Amino acid sequence: MTITAVLFDVDGTLVDSNFLHVDAWSRAFAEMGSPVDAWRIHRAIGQDSARLLEGLASGKDEQWTSRAKELHSQYYREQSGRLRAFERAADLLRELSSRGIRVVLATSAPEDELEMLMETLDAADAIHATTNADDVATAKPEPGIIEVALQRAGANPSDALFIGDSVWDMMAAARAHVRAAGVLSGGVGPSELLEAGAVSVFDDPADLLARIDGVLSGRRSA
C-alpha cells in the first residue's frame, strides 16, 4: 500500500477547538430559549450544522435555525484567541509533506473559521489544499467533503488516509471508501471510533507522529 495523500479533519484533530464549539452552541441554544446539555452538544460536534440542529433542537423553523447558527459563529469567533494547535500538529503535517505526501485539510468549517484554524496551525507551507463549507451542500457524515479533498489531492481512495476525531469523521471516510485513523483529542473514546470504522486510534497528533512509519505502512494500532 502506498499512501500519496493524508486528509485531515481540523477541529478536534489538529486544533483544540471542540469544546469552544460546545460552549458557543450552548450559549446559542440558551439565548434562543432552548438550552441543551453540554454533553449532548459534544456528541453532535463534527456533524453538518443542519444535522446538529435537527438532532438537538428538532422542529424549529428556518428563521430559528439561521439565528442559532449566527449566534454560534459569533460566540465562537469571540473565543478565537483561545484556539491552540495540538502539540506537534504542525510537525506532523511537515513530516508528511517532506515525504512527498500531499496534505489536505478536509474540513467543512466556514471560510472565516478555516482562516482562524490555519493561522492557529501555522503550517501553510506543508498544506497542499483545503476544503471548506462552500464545497459541499451536506457535510459529515456524508462523504462529500472527503471526495472533494481527494480530488484536490489528485488521489484515489485506496491511496489516501483520513485522520479525524469523531464518529462522523469515521463514517464519512467509510462512505468515501478511504481508510481512516482516529485521534482521541476531540474527546471521543477509542471503542466508538473503532466501531465507526477507524483502523487505528492515537492519542493526538504527537502520538501519531511518533508512530508515523506504522501509520503509513498500514499497520493497525489502538
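Our subject in this report is the structure included herewith. For clarity, every value in this text was computed on a predicted model and none was experimentally measured.

## Observations concerning the layout of surface pockets
And step 1. Looking at the largest pocket, its volume works out to about 600 Å³.
And step 2. As for the largest pocket, its lining consists of 30 residues, and the residues nearest its centre are Gln-47, Ser-49, Ser-108, Ala-109 and Pro-110.
And step 3. Its residues assigned to classes, the lining of the largest pocket shows nine nonpolar, 11 polar and 10 charged.
And step 4. Taken as a whole, the second largest pocket encloses approximately 160 Å³ of empty space.
And step 5. For the second largest pocket, the full set of lining residues is Asn-18, His-42, Arg-43, Ile-45, Asp-165, Ser-166, Val-167, Trp-168, Gly-186, Gly-187, Val-188 and Glu-192.
And step 6. Where the lining of the second largest pocket is concerned, the elements lending two or more residues are helix H2 (38-44) and helix H8 (167-175).
And step 7. Taken together, the residues that form the lining of the second largest pocket break down as four nonpolar, five polar and three charged.

## Examining the sheet that holds strand S6 (residues 200-202)
And step 1. Pairing in this open sheet of six strands is parallel, and the strands run S3-S2-S1-S4-S5-S6 from one edge to the other. Of all strands in the sheet, those bounded by a partner on one side alone are strand S3 (129-130) and S6.
And step 2. Sheet topology places strand S1 (residues 5-8) next to strand S2 (residues 102-105); four bridges connect them, and they run parallel. Its bridge partner being in S2, Ala-5 is matched across the sheet by Arg-102.
And step 3. Packing against the sheet, helix H7 (residues 144-153) makes contact with S1, S2, S3 and strand S4 (160-164), and its axis sits at approximately 145 degrees to S1.

## Focus on the packing of aromatic side chains
And step 1. The final tally for this structure, using the stated rule, is two aromatic pairs.
And step 2. For the pair Phe-29 and Trp-64, a centre-to-centre distance of 6.4 Å together with 20 degrees between the ring planes defines the contact as stacked. Linking Phe-29 in helix H1 (residues 18-31) with Trp-64 in helix H4 (residues 62-78), this pair joins segments that are 35 residues apart in sequence. With respect to burial, Phe-29 and Trp-64 carry one shared label: buried.
And step 3. In this structure an aromatic cluster arises from ring pairing among Trp-25, Phe-29 and Trp-64.

## Regarding H7
And step 1. Within H7, seven of the 10 residues are buried, leaving the element largely enclosed by the surrounding structure.
And step 2. Listed in full, the buried residues belonging to H7 are Gly-144, Ile-145, Ile-146, Val-148, Ala-149, Leu-150 and Ala-153.
And step 3. Structurally, H7 contributes buried residues whose contacts are with S1, S2, S4 and H8.
And step 4. Just downstream of H7 lies Gly-154, where phi reads positive at about 65 degrees.

## A word on H4
The α-helix advances 3.6 residues per turn, and as a result positions three or four apart in sequence lie on the same side.
And step 1. Look at H4: 24 Å from first C-alpha to last across 17 residues, which is about the 24 Å you get at 1.5 Å a residue.
And step 2. Looking at the buried residues of H4, the elements they touch are H1, helix H3 (49-56) and helix H6 (111-121).
And step 3. A side-chain oxygen of the first residue of H4 lies 3.3 Å from the backbone nitrogen of Gln-63; this N-cap is Asp-61.

Rules used in this analysis
- Residues numbered from 1 in each chain as written.
- Predicted model: local features only at pLDDT ≥ 70, side-chain atom pairs only at ≥ 80, totals over all residues.
- Heavy atoms only, no water.
- 1 Å grid on protein atoms, 1.4 Å probe; cavity = no way out; pocket = protein on both sides within 12 Å on 5 of 7 lines; lining within 4 Å.
- Points joined across faces, edges and corners; volume = space filled by probe spheres on them.
- Nonpolar A, V, L, I, M, F, W, Y, C, P; charged D, E, K, R; others polar.
- Helix = DSSP H or I, 4+ residues; strand = E, 2+ residues; numbered from the N terminus.
- Pairing = 2+ DSSP bridges.
- Contact = heavy atoms within 4.5 Å.
- Axes fitted to C-alpha atoms, helices over the stretch in contact; angles between N-to-C directions.
- Phe/Tyr/Trp six-rings, centres within 6.5 Å; stacked < 30°, edge-to-face > 60°.
- Buried < 20%, exposed > 50% of the residue type's maximum accessible area, 1.4 Å probe, protein only.
- Expected span 1.5 Å × (residues − 1).
- Polar contact = N/O pair within 3.5 Å; in protein donor to acceptor, adjacent residues only side chain to side chain.

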